[in-house]
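If you want the building blocks of each chain, they are given just below.
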Amino acid sequence: SAVISQKPSRDICQRGTSLTIQCQVDSQVTMMFWYRQQPGQSLTLIATANQGSEATYESGFVIDKFPISRPNLTFSTLTVSNMSPEDSSIYLCSASTGGNYGYTFGSGTRLTVV
Amino acid sequence: AQTVTQSQPEMSVQEAETVTLSCTYDTSESDYYLFWYKQPPSRQMILVIRQEAYKQQNATENRFSVNFQKAAKSFSLKISDSQLGDAAMYFCANSGSARQLTFGSGTQLTVLP
């Protein structure tokens, strides 16, 4: 199965700034997903990122706050913009490796906003 | 819309014993997949086991097996011969035609030596 390298693994940011999280997959994948996991909570889907088209955002998440890029079939970025302490969470990317056979996850980015 | 419910926020099991984690789900789709993921403190999401809804046979992976009751929309995970390394948060998840995963709220499993 695919392996995803996610960077950074953690960061502490000042409120009002932005952070870009990168995910690099070691093989071409059709679909990539970005999730948020608030402290002690489950994973919530932010958006689905397809190469060559705009990301599809879930209810409660907007492009201005969480812009996503998917320039090719092996790479995606998520930016958390104009951060506030409420954005402190773990952010994870995931890739669908074909059909519903498997979903590989990055190791997550622990973001703390102060 | 898909929903996944895990009613056990915490479970504990004695080492070498067997434990069952519960999961129920709801979906309007006829073709879907069910998963159990393990998340240790490292945050890495690790696939434990996968079940295709169209298969009646319950999936098994070594010490891990599921009890898939399609009519009841139930998908429980049984861990046999529990080991200390099994301690983690376990998430049940469902995927359908949109290919995105919908997760339950998780069950924190503690393994007692």
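Owing to the predicted nature of the structure, the values given are computational and were not obtained by experimental measurement. (Residues numbered from 1 in each chain as written. Chains lettered and ligands numbered in written order. Predicted model: local features only at pLDDT ≥ 70, side-chain atom pairs only at ≥ 80, totals over all residues. Heavy atoms only, no water.)

Draft legend 1. Broad picture of the state of the cysteines. Taken as a whole, this structure holds two disulfides over all chains when the rule is applied. Here A:Cys23 is linked by a disulfide to A:Cys93, with a sulfur-sulfur distance of 1.9 Å. Disulfide A:Cys23-A:Cys93: the torsion about the S-S bond is -95°, which places it as left-handed. Within this pair, whereas A:Cys23 is found in strand β3 (residues 19–25), its partner A:Cys93 is found in strand β9 (residues 89–96), the two being separated by 70 residues in sequence. On the accessibility criterion, A:Cys23 (0% relative accessible area) is buried. What pairs with B:Cys23 in a disulfide is B:Cys92, and their sulfur atoms sit 2.0 Å apart. Of note, the bridge from B:Cys23 to B:Cys92 carries an S-S torsion of about -70° and is left-handed in sense. Taken as a pair, B:Cys23 in the loop between β3 (19–21) and β4 (24–26) and B:Cys92 in strand β10 (residues 88–95) lie far apart in primary sequence, 69 residues in all. Across the pair, exposure class does not vary: B:Cys23 and B:Cys92 are buried alike. The cysteine A:Cys13 is free of any disulfide, with A:Cys23 supplying the nearest cysteine sulfur at 16 Å. Judged by its relative accessible area of 9%, A:Cys13 is buried. (Disulfide = S-S within 2.5 Å. Helix = DSSP H or I, 4+ residues; strand = E, 2+ residues; numbered from the N terminus. Buried < 20%, exposed > 50% of the residue type's maximum accessible area, 1.4 Å probe, protein only.)

Draft legend 2. Region of the structure containing the interface of chain A and chain B. Listed per partner, the contact involves 28 residues of chain A and 19 residues of chain B. Buried area between chain A and chain B, both sides added, is near 1,900 Å², and the carbon and sulfur share of it is 48%. At the boundary of chain A with chain B, the tally comes to zero salt bridges. Across the contact surface, chain A and chain B share eight residue pairs in polar contact (both at pLDDT 80 or more). Broken down by element, the side of chain A that touches chain B gets its largest block of residues, four residues, from strand β4 (residues 31–37) of chain A. Among the residues making up the side of chain A that touches chain B, the classes are represented as 10 nonpolar, 15 polar and three charged. (Contact = heavy atoms within 4.5 Å. Buried area = accessible area lost by both parts, 1.4 Å probe. Salt bridge = Lys/Arg side-chain N within 4 Å of Asp/Glu carboxyl O. Polar contact = N/O pair within 3.5 Å; in protein donor to acceptor, adjacent residues only side chain to side chain. Nonpolar A, V, L, I, M, F, W, Y, C, P; charged D, E, K, R; others polar.)

Treat this as a map of the structure, not an account of what it does.
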